[in-house]
Amino acid sequence: MSASDRQRAEPQEAASTGGVNRPRNTVPILEADDLVKHFPIRNALGRRVGAVRAVDGVSLSVARGETLAIVGESGCGKSTLGRLLLRLIEPDSGALRFEGEDLRALAPAALRARRRAMQLVFQDPFASLDPRMTVEAAIMEPLKLHGLHRGRERARVAELLARVGLRPELARRWPHEFSGGQRQRIAIARALASEPRLVIGDEPVSALDVSVQAQVVNLLKGLIEELGLTFILISHDLGVVRQIADRVAVMYLGRIVEEGPAEAIFRAPRHPYTRALLAAVPGQGGKVQVLEGDVPSPVNPPPGCRFHTRCPHAEPRCRAEAPTLGAGGPGHFAACHLQDALPPAPPLSERAPDARLERLQAFFTRETAA
Amino acid sequence: MTALSVEDLSISFRTDRGLLRAVEGLSFSVQPGRTLAIVGESGCGKSATSLAIMGLLAPNAEVAGRMTLAGAPLTPERQRRARGAEMAMIFQEPMTSLNPAFTAGEQVAEALRLHEGLDSAAAMRRAVEMLERVRIPEAARRARQYPHQLSGGMRQRVMIAIALACRPKLLIADEPTTALDVTVQAQILALLDELKRETGTAVILVTHDLGVVMDHAEEVLVMYAGRAVEAAPAAALFARPEHPYTIGLLGAAPRLDARRPRLASIAGTVPDLRAPPPGCRFAPRCPFAIAACGRTPEFAEVAPGHRTACHRAPLDQVLAA
């Protein structure tokens, strides 16, 4: 059984074991099979001298209504994967199906029409809004493009603004008049305007200050739940992932090294890289095993297991033979030869509940607008 | 002896749209071999404070207050001499702080030639030693490489080598790991801790990340909209935070150990410092605010060594009510 077969069989299992019980269609909303994207490197004469192997054989299946997080450090290929999944860039090879339909076979016009159902929210709200368009014009554009709410576009814009926690009177203002958090709310309203079924957020809260980030995380969670959105969160921030994701895929050098229900990934990670990533998050007491070295270049990834150059457990086999994703629990896969032989993952440091702090923080958890 | 003492520091910027009071009435000190974390979000004044200490603010800035470095007044002339020698700074983005036209070794050696009067050969030998001390593998080879040939983590190690080359009494690290991946961040922060223990340098760690503060600082100063709102030993601050802003910030930071239905979030946004709200600047966003908050609160002790600027302190009164 190949890794992709296993992953195709996986959503039902995840549905039965995941923490969130939502009705799920058995056909995944999005499926990717062995996607590959290499960016050529050319010399001064334009000759190809190598390639950045950004995405190097990724298979994924996303169930309707689920929130999947794709996590990893810079250069792991997570943003490239996000763009491939919406066919914003063309894969070199691999298959891509949205609601069972082959996305790669669609003609440009048909693909554009299909984009109504799939939207993307970017990291930098300063770059993703046109400075010469009012908020209303920016949100109305997708309505006009897809012919939605004809004749009542204004009212629809007001509804969308209210839904993301902005006063509808702000519609006539320009992007520069808003703070970063407000702009990200506008970008979310614009993404929701075409009534998508799938939204991909590429580091949607990473550029925001902590207090504002929490507002937008709460907003996204509410929208996902109420609108029944399928959400793919691309993020390097494991804290944010913990708050939003039902399922997590961890990438390293262009490949998925571990995938499973969020609870299992955080409580019982099976891949040494996932463990190192979790241990490195600050605020857990400081005495962590620090992972040595840097991520190797995706132009020349190490042979065998790509993580073996930094792995504290590596054996000769890891240097020679690339591991495939193998089952390690219900809906939980890791690409590690040694996953069954590793010592149990150290527990996440849990701070004892602080009753005083929790009572004081309860004053802050009411619904907040921008 | 106190490495750095800052008393009643105020910083304003003259701008086209009026005077911006970036920092008001800030006082703190740092001891040798200790780390003081200055925490806050964008615009709280934490970076302006660092630059004022170093004497690196833009010409449109006006600085008032008293600062001493190792007991002696930190005048503009002293700042010029001390910069890179008695006090040094590392920044968030090592790529823009390093000169792309010089090798890593040359940039470390420059500090040594300038401040210690070493000749080129001796300075380069010491530079390679410094690169070894910041745990750069194959330091002699790396010393001959240019910044673009180094990874982000390696560049930040070079910055630290430059900063520590002349054994400064004070090191200011302004968001030193914000641009780095989490595994590399852990390496760099562990390295700073080790070097601080070896050299006895006092460290000011400027950060927005309370997790980093928890693991790497002995003292904490929380700033909001240009003012100190809470200061305490790190253990006391995390055990018993007193200022509503600190409490909101702690609740807003997502944690790994549990998925919470909602994160605590602080409503609204930080005020425009050209027209700050009267009284307590956090009051418009504070769920505990009362009429008295229209007056500026004193920065007063609630416990030995623990200060907070809040009319409602101690907050246990609020819970008891």
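Rules used in this analysis
Numbering of residues starts from 1 in each chain and follows the order in which that chain's sequence is written. Note on labels: chains are lettered from A, ligands numbered from 1, in written order. Where local features are concerned, this predicted model is filtered to residues with pLDDT of at least 70; where side-chain atom pairs are given and counted, the filter is 80 or more; whole-chain, interface and lining totals use all residues. To qualify as a helix, a DSSP run of H or I must reach at least 4 residues; to qualify as a strand, a run of E must reach at least 2; elements of each kind are numbered from the N terminus. The reference for a compact globule is 2.2 Å times residues^0.38; the radius of gyration itself is calculated from the C-alpha atoms. Residue burial here comes from a neighbour count, namely the number of other C-beta atoms, placed from the backbone, that lie within 10 Å of the residue's own C-beta, with 20 or more meaning buried, 12 or fewer meaning exposed, and in between meaning partly exposed. A pair of residues counts as a contact when their C-beta atoms, built from backbone coordinates, are within 7 Å of each other. Where each domain starts and ends follows an automatic or database-derived domain assignment. A pair of strands is labelled paired if DSSP reports no fewer than 2 bridges between them. To obtain an axis, a line is fitted to C-alpha atoms, over the contacting stretch when the element is a helix, and the angle between two such axes runs from 0 to 180 degrees between their N-to-C directions. Joining buried Ala, Val, Leu, Ile, Met, Phe, Trp, Tyr and Cys residues through C-beta atoms within 7 Å gives a set, and that set is a nonpolar core. Polar here means any residue other than Ala, Val, Leu, Ile, Met, Phe, Trp, Tyr, Cys and Pro, which are nonpolar, and Asp, Glu, Lys and Arg, which are charged; Gly is therefore polar. If you view a crossover with the strands going away from you and the path from the first strand over the helix to the second runs clockwise, you call it right-handed. By definition, pLDDT measures how confident the predictor is in each residue, and it falls between 0 and 100. Expected helix span is computed as 1.5 Å times (number of residues minus one). By definition in this entry, angles of less than 35 degrees are roughly parallel, angles greater than 145 are roughly antiparallel, angles of 65 to 115 are roughly perpendicular, and the rest are oblique. Left-handed describes a crossing whose near helix is turned anticlockwise from the far helix through less than a right angle; right-handed describes the clockwise counterpart.

## Overview of the overall build of chain B
Move 1: Regarding its fold elements, chain B presents twelve helices and twelve strands.
Move 2: Against the 2.2 N^0.38 benchmark of 20 Å for 321 residues, chain B shows a C-alpha radius of gyration of 21 Å, consistent with a compact globule.
Move 3: Seen through its C-alpha atoms, chain B measures out along the principal axes to roughly 70 × 45 × 40 Å.
Move 4: Per-residue burial for chain B yields a buried fraction of 52% across its 321 residues.
Move 5: Across chain B, contacts joining residues at least 24 apart in sequence account for 64% of those joining residues at least 6 apart.

## Looking at the domain arrangement of chain A
Residue and element names in this part refer to chain A.
Move 1: Under the domain assignment, chain A is made up of domain 1 (1–99 + 219–349) and domain 2 (102–196).
Move 2: One C-alpha centre belongs to domain 1, the other to domain 2; they are set 29 Å apart.
Move 3: Each partner contributes residues to the interface: domain 1 has seven residues there, and domain 2 has ten residues.
Move 4: For the side of domain 1 that touches domain 2, the element with the highest residue contribution is strand β4 (residues 93–98), accounting for four residues.

## Some details on the sheet that holds strand β2 (residues 18–30) of chain B
All names here are of chain B.
Move 1: On the basis of which strands lie adjacent, the open sheet formed by four strands has the order β2-β1-β4-β5 and antiparallel pairing. The outermost strands of the open sheet, each flanked by one partner alone, are β2 and β5 (72–73).
Move 2: Strand direction decides the pairing type here: strand β4 (residues 61–69) and β5, joined by two bridges, are antiparallel. Bridging from a neighbouring strand, T68 pairs with P73 of β5.
Move 3: Those strands touched by helix α1 (residues 46–54) are β1 (4–15), β2 and β4, and its axis lies near 110 degrees from that of β1.

## As for the nonpolar core
Move 1: One finds V250 of chain A together with V108, A127, L131, A161 and V220 of chain B to be the most contacted residues of the largest nonpolar core, which totals 206 residues.
Move 2: Both of domain 1 (1–99 + 219–349) and domain 2 (102–196) of chain A provide at least three residues apiece to this core.
Move 3: Those residues in contact with V220 of chain B, other than ones at most four positions away along the chain, are A37, V39, V213, A231, A232, A234 and L237 of chain B.

## Quick word on the interface of chain B and chain A
Move 1: Contacts between the two partners involve 45 residues from chain B, matched on the other side by 46 residues from chain A.
Move 2: Within the residue set of the side of chain B that touches chain A, elements represented by two or more residues are α8 (182–199), α9 (210–216) and α11 (244–252) of chain B.
Move 3: Sort the elements by how many residues they give to the side of chain B that touches chain A and α8 of chain B lands first, with seven residues.
Move 4: Of the residues belonging to the side of chain B that touches chain A, the class tally is 23 nonpolar, 13 polar and nine charged.

## So, the sheet that holds strand β9 (residues 219–224) of chain B
All names here are of chain B.
Move 1: Read across the open sheet, the eight strands follow the order β6-β7-β8-β3-β9-β10-β12-β11; overall the sheet is mixed. Sheet topology places β6 (87–90) and β11 (300–303) at the edges, where each strand pairs with a single neighbour. Averaged over neighbouring strand pairs, the angle between their axes works out to 20 degrees when direction is ignored.
Move 2: Of the pairings in the sheet, the one linking strand β7 (residues 170–174) to strand β8 (residues 202–207) comprises five bridges and is parallel in character.

## Here we look at the pairing of β8 of chain B
Residue and element names in this part refer to chain B.
Move 1: Across the six residues of β8, six count as buried, placing the element largely inside the fold.
Move 2: Side chains A202, I204 and V206 project from β8 onto one buried face, and the interleaved V203, L205 and T207 project onto a second face that is buried too.
Move 3: Handedness of the β7-α8-β8 crossover: right-handed.

## Things to note about the confidence of the model for chain B
Caution applies to low-pLDDT regions: their predicted coordinates should not be interpreted in detail.
Move 1: Considering every residue of chain B, the mean pLDDT works out to 93; 100% of them sit at 70 or more.
Move 2: Two numbers describe this predicted complex: its pTM, 0.89, and its ipTM, 0.87.

## Considerations on helix α7 (residues 152–164) of chain B
Residue and element names in this part refer to chain B.
Move 1: With 13 residues, α7 extends 18 Å from end C-alpha to end C-alpha; this agrees with the ideal 18 Å at 1.5 Å per step.
Move 2: Most of α7 sits inside the fold, with twelve of its 13 residues counted as buried.
Move 3: Within the span of α7, buried status applies to G153, M154, R155, Q156, R157, V158, M159, I160, A161, I162, A163 and L164.
Move 4: For α7, the elements touching its buried residues are β6, α3 (94–97), α4 (104–116), α5 (120–133), β7 and α8.

## A word on the packing of α4 of chain B against α7 of chain B
Residues and elements named next belong to chain B.
Move 1: Between α4 and α7, the least distance of the axes is 8 Å, while the angle of their chain directions is 20 degrees. In terms of axis orientation, α4 runs roughly parallel to α7. The way α4 lies across α7 gives a crossing that is right-handed. Mapping the contact onto sequence places A104, Q107, V108 and A111 in α4 and V158, A161 and I162 in α7.
Move 2: Here the contact of α4 with α7 is built from residues that sort into six nonpolar, one polar and no charged.

## Notes on the environment of M133 of chain A
Residue and element names in this part refer to chain A.
Move 1: Mapped onto the secondary structure, M133 falls in the loop between α5 (125–128) and α6 (135–145).
Move 2: Taking the number of C-beta atoms within 10 Å as the measure of exposure, M133 has 15 and is therefore partly exposed.
Move 3: A C-alpha to C-alpha distance of 9.4 Å links M133 and R172, two positions 39 residues apart in sequence.

## Some points on the environment of D316 of chain B
Move 1: Within the secondary structure, D316 of chain B sits in helix α12 (residues 316–320).
Move 2: For the pair D316 of chain B and S120 of chain B, spaced 196 residues apart in sequence, the C-alpha separation works out to 62 Å.

## Concerning unusual backbone geometry
Move 1: Here A313 of chain B and P314 of chain B are connected by a cis peptide whose omega angle stands at -10 degrees.
Move 2: Residue H149 of chain A is not a glycine yet carries a positive backbone phi of 50 degrees.

## Topic: the pairing of β7 of chain B
Residue and element names in this part refer to chain B.
Move 1: Buried residues dominate β7, accounting for five of its five residues.
Move 2: The sheet contact formed by β6 and β7 spans four bridges and is parallel. In the strand pairing of β7, I90 is matched with A173.

## Here we look at the packing of helix α7 (residues 153–163) of chain A against helix α8 (residues 180–193) of chain A
Residue and element names in this part refer to chain A.
Move 1: Closest axis-to-axis distance for the α7/α8 pair is 9 Å, and the angle between their directions is 130 degrees. In terms of orientation, α7 lies oblique with respect to α8. The hand of the α7/α8 crossing is right-handed. Contacts between α7 and α8 involve L160, L161 and R163 on the former and, on the latter, A189, L192 and A193.
Move 2: Along the lines of polarity and charge, the residues of the contact of α7 with α8 split into five nonpolar, no polar and one charged.

## What about the environment of V220 of chain B?
Move 1: Among the secondary structure elements, V220 of chain B is positioned in strand β9.
Move 2: Taking C-alpha positions, V220 of chain B is 8.0 Å from E230 of chain B, a pair spaced ten residues apart along the chain.

## Here we look at the confidence of the model for chain A
Move 1: Here chain A shows a mean pLDDT of 88. Residues at 70 or above account for 90%.
Move 2: When the criterion is pLDDT under 50, residues 1–24 of chain A qualifies, and its contacts beyond four places in sequence or with other chains add up to 42 contacts.

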